[in-house]
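Given next are the chains, with one letter for each unit.
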Amino acid sequence: MRPLKTGTAALAPVLVLATLALTACGGAEPAASKPAPSTGAASVRVSDSPLGPILVDGAGRTLYGFTKDQAGASNCDAECVAVWPALTAPEVSAGPGTEAKLLAKTSLTEGATQARYGDWPLYYYVGDAVAGDVTGQGLDGEWFAIGADGKLVKRTV
C-alpha cells in the first residue's frame, strides 16, 4: 500500500482541477465581457448599428429586451441573468436620441432597480465583447435590441 501524500504536493492536482472547473463554468471569464451592476448613475442613448438605430448604454454596449418580460416586469431568473445581466443603477438618464418619458425603473426581487425603456426591462448579453456588438440579436427568438421608439428591433444582421 502506498503512503498518503501530505503538504503542497498533494494539493497540486486538486488546485489544477478546481481551476479547470471554474474556467469551464465561466468563473474565469474576463471582467470586461460581463457588465457589473452599476453603483452610480447610468445613461441610455441611441446609437447606429447594423440593425439600425438601437439603445446602448453610456459606453456603447447594446441593450436588449426579453420577449418573456410582461407589463414592464422582468421574467429573467438567476440562470438567465448570468447570461443576460440587467442594466441596474440607482439613477438612469436619457441620453441623445432617447425619449425621457420612455425611460423608467423596475424593482427587482433582490431590492435593486433595473432600467426600463418603454415596456422593456434592459439587459446586456455576455457574448457582446465590445461596444457595438449585437451578437445577442434574435437569440432563441426571445432577445432583441430595442429601438429609439421603445419597440423590439426584430431585424437580423
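In what follows, the structure referred to is the one given above.
This write-up is about the structure you can find in this document. Remember, predicted model here, so these are calculated numbers, not experimental data.

**Here we look at the state of the cysteines**
For the coordinates displayed, the defined rule picks out one disulfide. The disulfide bridge from Cys76 ends at Cys80, spanning 1.8 Å between sulfur atoms. Across the disulfide from Cys76 to Cys80, rotation about the S-S bond amounts to roughly -100°, and the bridge is consequently left-handed.

**Some remarks on the packing of aromatic side chains**
A full pass over the atoms with the stated rule returns five aromatic pairs. Measuring from ring centre to ring centre gives 3.9 Å for Trp84 and Trp143, while their planes differ by 0°; the resulting arrangement is stacked. Of the two residues, Trp84 is situated in the loop between helix H2 (78-83) and strand S4 (91-94) and Trp143 in strand S8 (residues 143-145); the sequence distance between them amounts to 59 residues. In this structure, Trp84 and Trp143 share a single accessibility class: buried.

**Description of the nonpolar core**
By size, the foremost hydrophobic cluster in this structure holds 17 residues, and its most contacted members are Val44, Leu55, Leu63, Leu87, Val92, Leu122 and Ile146. At three residues, strand S1 (residues 41-49) tops the list of elements feeding residues into this core. Every residue in contact with Leu55, bar those within four places of it in the chain, is listed here: Val44, Arg45, Val46, Arg61, Thr62, Leu63, Thr98, Tyr117, Leu122, Ile146 and Gly147. In terms of nonpolar packing, the next biggest core, distinct from the first, is built from 15 residues, Val56, Tyr64, Cys80 and Trp143 among them.

**Focus: the pattern of salt bridges**
Pairing between side chains of opposite charge can happen when their charged atoms approach one another. If you walk through the whole model with that rule in mind, you get three salt bridges. Close ionic contact of Lys68 with Glu142 constitutes a salt bridge, the shortest N to O distance being 3.4 Å. Highlighted residues: Lys68 in the loop between strand S3 (64-66) and H2 and Glu142 in the loop between strand S7 (120-121) and S8, separated in sequence by 74 residues. Judged by its relative accessible area of 19%, Glu142 falls in the buried class.

About the criteria used
Residues numbered from 1 in each chain as written. Predicted model: local features only at pLDDT ≥ 70, side-chain atom pairs only at ≥ 80, totals over all residues. Heavy atoms only, no water. Disulfide = S-S within 2.5 Å. Phe/Tyr/Trp six-rings, centres within 6.5 Å; stacked < 30°, edge-to-face > 60°. Helix = DSSP H or I, 4+ residues; strand = E, 2+ residues; numbered from the N terminus. Buried < 20%, exposed > 50% of the residue type's maximum accessible area, 1.4 Å probe, protein only. Core = buried A, V, L, I, M, F, W, Y, C linked by side-chain atoms within 4.5 Å. Contact = heavy atoms within 4.5 Å. Salt bridge = Lys/Arg side-chain N within 4 Å of Asp/Glu carboxyl O.

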